[in-house]
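Structural overview for review
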Amino acid sequence: MVEREPLKAAIWVDDFYDYYNLALTGQLPNVIPNASTFALALRVYVTQGHPDEELAEEGASSSSSSTAPTKPFNVTILENIVKYGVDPTEVITDRSVPSDEIAGDMVRALIRATTYPDVEDRTTFREIALTLARAQQLGRHLQPDALDAVEPVIPVMVENKVCRVTLFVRSFLPVLNPAPQETEVQEVPFNLKVLRDHLEGASYFRRMLPSDQLARQYLLERSVLDIASERLKRVAEQIERLGMAPDVKDHNLQSWIWDWHQKLVERLKQDIRKVRREENRSVRGLPDQRGRVAPFLELLKVEKLSLITILEIIRLHGSGGVTDGMKTARALVSVGKAIELEYKAELSRKHGISVNVDPRRRGEVGPGSLQELHQRRIAARMMMEDAEEWATEWSQHIRVRVGAFLVYRLIEVATVMRRAKNERTGKWYEEEHPAFSHSYEYFRGCKLGTVRVASDISEAIARDNLRDTLHPRHLPMLVPPAPWVNWNSGGYLTIPSHVMRFKDSVEQKELLKKAISENKMDHIFAGLDALGATPWRINRDVFEVVLRVWNSGQRLGKIPPAQFEVPEPEKLAEMEYDPAAKAMWITRMKKWTQDKAANHSERCSVNYKIEIARAFLNDVFYLPHNLDFRGRAYPLPPHLNHIGNDLSRGLLLFAEGKPLGARGLRWLKIHLANLYGYDKATFDERVAFVDARIDEIRDSAKKPLEGRGWWMKADDPWQCLSTCMQLVNALDSADPLAYECPLPVHQDGTCNGLQHYAALGGDSRGAAQVNLDVAERPSDVYTYVADMVEKRIDEDLQSEHAKDRHFAEILAGKVARKVVKQTVMTTVYGVTFVGAREQIEKQLRDRGDVPAEDVYLASAYLARQVLRCIGDLFKGANEIMNWLTLSARMIAKSIPADRVQHAMKMEGPKGTWRHVKKRGVTSRVRKEQMGAVIWTTLMGLPVAQPYRKVKRKQIQTQLQSVFISDPNVPAEVNSQKQASAFPPNFIHSLDATHMLMTALACQDAGMTFAAVHDSYWTHACDIDPMSDIIRETFIRLHSTDVLALLEKEFRERYREHRVPVVSMRTASVLKSLGVLSGEAAEMMMEAPDGTVEALEADEESRIDLKELTEVSRRTKAETAEEEVEDAEEGPKMSAAELAEASRQLEGRFVKLVDLLPRLPQKGEFDVRKIRDSLYFFS
């Protein structure tokens, strides 16, 4: 053999690659590539590199022109390994591999190849990656895993009935063939198995690629369907390998699913080909393509179509009020939409729609990055044009057609084997029954189709809890999220994500896309990127305590017990003859069953959190964020995040710590007092509270379960324990002030909604109650309202009204802070009298010191008093709320001027219905009322309220005639919901704006920042500068006249809108306008000519507003206490007179801008005072 000269290594490498290419292209006779061929090629690649990649890197560095990237050589090797059917483990263990180090490099090169975006068979590549990582013979190449020393999580177990027939009996006593006996055993729920499998794979990838977080992230974002398919296939193989008969599978849901999956795949292969041929033959006779379904069914492999259909139907089981099934329309739409989403997920991976940026800079938004966002959006748009079909939304018609095709065939092929014993003869009989069936039921007087599920399957689903199946792809990220550059580009690297959670709101989507195209969303994108760029890690000390408690099965904090603690209600002896006693037992039994199911569901939820926390125990991870339609930010991973409950928050720390310093140590103590529940005192008192309990705190940190358990009595026990541990660590360190503390410390607003209302209205009295104004002690608005109510009750004790005196005697001294807190809190969100009464009723029942027979009426009395006190205390807030509500009501009732003539046009009957009655003007006008309330936040986010009336469309399918609502079809707005929801939604958009402004300012200041709506988090040492930023951004927000800008936008946006006068004749609208008291007449008369425009079909006329007022005075108004009283003294109108008055108002319209009420007069409070308010956020 010729000796290779070291200086000529490049020549030898080139020669080898030439020989390799000749072998692959078949130019070398009798040479077939095998494992040794690919092993040698991979060895040369990892040790010497590839010349084409080196040239590509040099060209990229020397040229600014964009060229198509060259596919890495390790990817081509893996593709050829798959092509020639070579086992990848044989490649790695080939004798030509000289050392473990090179073998390890080869394994990592192949695993990285599986993450390359432009590959044809993504599923096969993922399986190879997992095989390489799990193969035992490659164990010597794995990095040691720190999780090996962590105690495993004992999963939730559910009861399952299985046949107790052992292999011993099957092998040695086949003649006896005994009938199976049922016994109760435990198994892991299916959805939890899916999660555990996924996290197990993630653990292997961590060991193989400990430093390549980007490659690991790509592997994490695997399709949940691939994972579910792997799980079902493994279960089926195990059953077949054990030689179990089909009847043994009867109570195994997973084996049933696999059986249905196999049958449905074969059926779909035949039927899709048949439908394609039929549609091709008849396509010339079709006026359009709307009836074609085959093109959509062929977008995915039949294996995926089958699995999606089965899992979606099982997920929907028990939904929509159907105990053993689901409504047909919902099933068809859900299956069709699931197919659409999976197809788009495949497209995103195929086209690489996520914008590729430098992984090291993902999520970073520096000072100059706002300018870069424009270029990134251009790149994303260009990529979207290359894959235009990705952005196309399927219509509801298509979804129903696709869903009906798949569900119909599932019903035909899915069966279960039932086994029963004849008690008289002792023989066992088997019979095959349909697993699903179609039927009709009556719901509230309407006949609706349902898909029924066999009872055996219903029981299995109840045990497995499949409806809560976790999507593993929604896990925390190992790298900073991709920056948001478009409405559907950002967050996860390969999984399509939307920047806003809008549900079937085409209007919101179009507004969002328009704002992005006009470059008005840069600051919103930057704010979300700042939130997603915060690095987190799991609090290992708290996790170990949580794991001990969980595995013990005991109840502690938010961890429910493994066994439901409440005993089952005993049957009463008198049940046999007393119907009342039997009804009482049934009620108690139902409540016990519900509580037991809730305990199981809650334990499953906690199990998810602990499993995910364990999998990420040694990793730094990130939480990508997006918005709801009001602009509030939420993490995309749903199960373990900082917006979760106390347990979730206690498990999380910032990835990096910062030295406490003197102020940081003080804030850490204040934070601990707040978490314990001592949060109404001054800061000095809170510090003293903690200093006085250092021994208890130290005992909690050192012996959390064996000690005195002081932390368990806290309002937020797990966060309290985490803070105790950090405080003790600091105090025990050589220099407590230098201790680097990673704990997030909170600054929470005081009833933040009322804070915004007080700032909007300049309400000095309200501002003082929510800590906007300077005060020596923190104000507690809930206690203040409770005291006001107590004073009113004391006055009623002397009342001459017997009823008020009676309830005052019952409630005297019992109105605690907790009783009124929820009602005060929800006041800013438009709570009604009915809602307030229900809230207070619940609190009074929980107290147990009010007679049960008096609770209902007593809660109504107390609700009246609470609402009156709130109205007195927050007068400015009520005025603003009324202005917002009335403005929204008028907008929802309005019609664009160019649609008025269309609304007035008379329409004759259509179709074959000869006796269809002509629709009146009012009904046509109502259908033209499609204007939703739309406004723009100060950061440029357009917000459109999505509340519309459902417009249903009939579609004939193979199962039944289905009525569906298509979000793409315009529908009239729900004016009542538009009006009632506008005040809380507007306030939510304000607090969301304040939070994003604060996030950007904190990032510019170099601080780590996280937020839960109106609770802002950072390191303890940064609380003081963050507090300054919170105040400055709040002042900047409210220094602009927010309501004046909103009114200006309304007048500009709706300047050409008209409100039909007939829509204002209802009592509630007239009362809101003030017409009934004469105020509306005065307001309207201030219009330039004292009249409003009236448009009829063929002419214009004028209507005097006094005439409208006089007609309206004689109607009735609804009061807030659900009573109806005459609004004005005077003769009541008969039905005929009311009809005549309505007829006179038809066809007349008033300009919307003339109906918008005046803005409430602003008070004298100066928002700049909050700079000196210690307890504004605390």
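As the structure is a prediction and not an experimental result, all values here were calculated from the model.

**Some details on a positive patch on the surface**
On the surface, Arg 273, Lys 274, Arg 277 and Arg 281 cluster together to form a positively charged patch. You can see Arg 281 is positioned in helix H12 (residues 253–282). Relative accessible area serves as the criterion here: at 63%, Arg 281 is assigned to the exposed category.

**Focus on the sheet that holds strand S23 (residues 1010–1012)**
Paired through backbone hydrogen bonds, the strands of a sheet run either parallel or antiparallel to each other. In space, the three strands of this open sheet follow the order S17-S24-S23, with antiparallel pairing throughout. Here the strands that pair on one side only, and so sit at the sheet edges, are strand S17 (745–748) and S23. Averaged over all pairs of adjacent strands, the angle between strand axes in this sheet comes to 25°, irrespective of strand direction. As defined by bridge partners, S17 adjoins strand S24 (residues 1015–1018) across four bridges and the pair is classed as antiparallel. Counterpart to Gln 747 in the pairing with S24 is Tyr 1016.

**Focus: the nonpolar core**
Among the nonpolar cores identified, the biggest contains 195 residues, and Trp 718, Leu 772, Leu 862, Phe 986 and Phe 1050 are the most heavily contacted of them. The biggest single contributor to this core is helix H38 (residues 975–1004), with twelve residues. What Trp 718 contacts, discounting residues up to four positions off in sequence, is Val 542, Val 545, Val 546, Val 549, Leu 556, Gly 557, Lys 558, Ile 559, Asp 646, Leu 647, Gly 650 and Trp 711. With 47 residues, the next largest nonpolar core counts Met 326, Leu 332, Ile 339 and Trp 394 among its residues.

**Comments concerning the packing of helix H2 (residues 35–48) against helix H4 (residues 73–83)**
For the pair H2 and H4, interaxial distance at closest approach is 10 Å and the crossing angle is 170°. Taken together, the axes of H2 and H4 lie roughly antiparallel to each other. Together, Phe 38, Ala 41, Leu 42 and Tyr 45 of H2 and Phe 73, Asn 74, Ile 77, Asn 80 and Ile 81 of H4 make up the contact between the two elements.

**Quick word on the pattern of salt bridges**
Within this structure, the stated rule accounts for 38 salt bridges. For Arg 548, the salt bridge identified is with Glu 706, shortest N-O distance 2.5 Å. Here Arg 548, found in helix H21 (residues 540–552), pairs with Glu 706, found in the loop between helix H26 (694–702) and helix H27 (717–732); they are 158 residues apart in sequence, far enough to count as distant. Assessed through its relative accessible area of 40%, Arg 548 is described here as partly exposed. The salt bridge involving Arg 1168 is made with Asp 1166; its shortest N-O contact spans 3.0 Å. A residue is classified by how much of its surface remains accessible, and Arg 1168, at 49% relative accessible area, is partly exposed. Residue Asp 1166 is classed as partly exposed on the basis of its relative accessible area, which comes to 29%. Residues joined in a network through salt bridges with shared partners are Arg 267, Asp 271, Arg 409 and Glu 412.

**Remarks on the packing of aromatic side chains**
Geometry of an aromatic ring pair is reported as the spacing of the ring centres plus the angle between the planes. Inspection of every chain in the model, using the stated rule, returns 31 aromatic pairs. Ring geometry for Phe 982 against Phe 1050: centres 5.9 Å apart, planes inclined by 45°, an arrangement best described as tilted. With Phe 982 in helix H38 and Phe 1050 in helix H40 (residues 1042–1053), this pair connects stretches of sequence that are 68 residues apart. Residue Phe 982 is classed as buried on the basis of its relative accessible area of 0%. Through pairs of rings, three or more aromatic residues link up here, namely Phe 16, Tyr 17, Tyr 20, Phe 38, Tyr 45, Phe 73 and Tyr 84. Taking NZ or CZ as reference, Arg 409 lies 3.7 Å from the ring centre of Phe 405, over its face. Note that Arg 603 overlies the ring of Trp 550, its terminal NZ or CZ placed 3.6 Å from the centroid.

**Details of the pairing of strand S25 (residues 1057–1060)**
Along S25, one buried face is formed by His 1057 and Val 1059 and the opposite face, lined by Arg 1058 and Pro 1060, is buried too. Relative to S25, strand S18 (residues 895–896) runs antiparallel, the two sharing two bridges. By the bridge assignment for S25, Ile 895 is matched with Arg 1058. Relative to strand S30 (residues 1149–1151), S25 runs antiparallel, the two sharing three bridges.

**Here we look at helix H28 (residues 752–761)**
An α-helix turns once per 3.6 residues; consequently, residues spaced three or four apart project the same way. The buried fraction of H28 is high, at ten of ten residues. If you check which residues of H28 are buried, you get Asn 752, Gly 753, Leu 754, Gln 755, His 756, Tyr 757, Ala 758, Ala 759, Leu 760 and Gly 761. Close packing links the buried residues of H28 with helix H29 (764–769), helix H32 (817–827), helix H35 (875–892), H38, helix H39 (1023–1039) and H40. Where H28 terminates, the next one or two residues include Gly 762, which has phi positive at roughly 60°.

**Considerations on H27**
In a regular helix each residue adds 1.5 Å, so 16 residues correspond to 22 Å; H27 covers 22 Å between its end C-alpha atoms and thus fits that length. In terms of burial, H27 is a largely internal element, 13 of the 16 residues being buried.

**Quick notes on unusual backbone geometry**
Positive phi, normally seen in glycine, also occurs at Asn 519, with a value near 60°. Within the secondary structure, Asn 519 is located in the loop between helix H19 (506–517) and helix H20 (522–532). When its relative accessible area of 36% is taken as the criterion, Asn 519 is described as partly exposed. A positive phi angle, near 65°, is found at Asn 771, a position not held by glycine. Its location among the elements puts Asn 771 in the loop between H29 and helix H30 (781–796). Note on Asn 771: relative accessible area 3%, which makes it buried.

**With respect to the environment of Met 939**
Here Met 939 is to be found in the loop between strand S19 (934–936) and strand S20 (942–944). Separated by 98 residues in sequence, Met 939 and Leu 1037 have C-alpha atoms that sit 9.9 Å apart. Not counting the four nearest positions on each side in its chain, Met 939 is found in contact with Lys 520, His 523, Ile 524, Thr 993, Leu 996, Met 997 and Leu 1000.

**A short note on the confidence of the model for the protein**
Detailed reading of the predicted coordinates is not advisable wherever pLDDT is low. Per-residue pLDDT for the protein averages 76, and the proportion of residues at 70 or more is 70%. For the stretch residues 161–184, pLDDT sits under 50, and the model shows 32 contacts to residues farther than four places along the chain or on other chains. pLDDT under 50 marks residues 909–921. Its contacts with residues more than four places away, or in other chains, come to eight contacts.

**Description of the packing of helix H14 (residues 302–315) against helix H17 (residues 396–413)**
One can describe the packing of H14 onto H17 by two numbers: an axis separation of 10 Å at closest approach and a directional angle of 80°. Looking at the two axes, H14 sits roughly perpendicular to H17. Contacts from Leu 305, Thr 309, Ile 310 and Ile 313 of H14 reach H17 at Leu 406, Val 407 and Leu 410. Among the residues making up the contact of H14 with H17, the classes are represented as six nonpolar, one polar and no charged.

**Quick word on the side chain of His 1057**
Structurally, His 1057 is set in strand S25. Engagement of the side chain of His 1057 in a polar contact is seen with the side chain of Ser 894, the distance being 3.1 Å. If sequence neighbours within four positions are ignored, His 1057 has contacts with Ser 894, Ile 895, Pro 896, Ala 897, Val 1150, Lys 1151 and Leu 1152.

**A look at the sheet that holds strand S12 (residues 625–628)**
Spatial ordering of the open sheet is given by S10-S12-S13, a layout of three strands whose pairing is mixed. Pairing within the sheet leaves two strands with one partner each, and these edge strands are strand S10 (500–501) and strand S13 (633–635). In this sheet, S13 lies alongside S12 in antiparallel orientation, the contact comprising three bridges. Residue Leu 627 lies in a different strand from S13, and its bridge partner there is Ala 633. Those strands touched by H20 are S12 and S13, and its axis lies near 130° from that of S12.

**Here's the deal with the state of the cysteines**
Working definition: the covalent bond between the sulfur atoms of two cysteines is a disulfide. On inspection of all chains with the given rule, the structure shows zero disulfides. With no disulfide partner, Cys 741 has as its closest neighbouring cysteine sulfur the one in Cys 1021, 8.5 Å distant. Taking the relative accessible area as the measure of exposure, Cys 741 reaches 1% and is therefore buried.

**Details of the environment of Ala 597**
Its place among the elements puts Ala 597 in helix H22 (residues 579–615). Spatially, the C-alpha atoms of Ala 597 and Phe 564 are 9.1 Å apart, while their sequence positions differ by 33 residues.

Parameters and conventions
Residues numbered from 1 in each chain as written. Predicted model: local features only at pLDDT ≥ 70, side-chain atom pairs only at ≥ 80, totals over all residues. Heavy atoms only, no water. Patch = residues over 30% accessible without salt bridge, like charges linked within 9 Å, V, L, I, M, F, W, Y side chains within 5 Å. Areas by Shrake-Rupley, 256 points an atom, 1.4 Å probe, with all protein chains shown as cover. Salt bridge = Lys/Arg side-chain N within 4 Å of Asp/Glu carboxyl O. Lys, Arg positive; Asp, Glu negative; His and termini not counted. Charge placed at Lys NZ, Arg CZ, Asp CG, Glu CD. Helix = DSSP H or I, 4+ residues; strand = E, 2+ residues; numbered from the N terminus. Buried < 20%, exposed > 50% of the residue type's maximum accessible area, 1.4 Å probe, protein only. Pairing = 2+ DSSP bridges. Axes fitted to C-alpha atoms, helices over the stretch in contact; angles between N-to-C directions. Core = buried A, V, L, I, M, F, W, Y, C linked by side-chain atoms within 4.5 Å. Contact = heavy atoms within 4.5 Å. Parallel < 35°, antiparallel > 145°, perpendicular 65-115°, else oblique. Phe/Tyr/Trp six-rings, centres within 6.5 Å; stacked < 30°, edge-to-face > 60°. Lys NZ or Arg CZ within 6 Å of the ring centre and 35° of its normal. Expected span 1.5 Å × (residues − 1). pLDDT = per-residue confidence, 0-100. Nonpolar A, V, L, I, M, F, W, Y, C, P; charged D, E, K, R; others polar. Polar contact = N/O pair within 3.5 Å; in protein donor to acceptor, adjacent residues only side chain to side chain. Disulfide = S-S within 2.5 Å.

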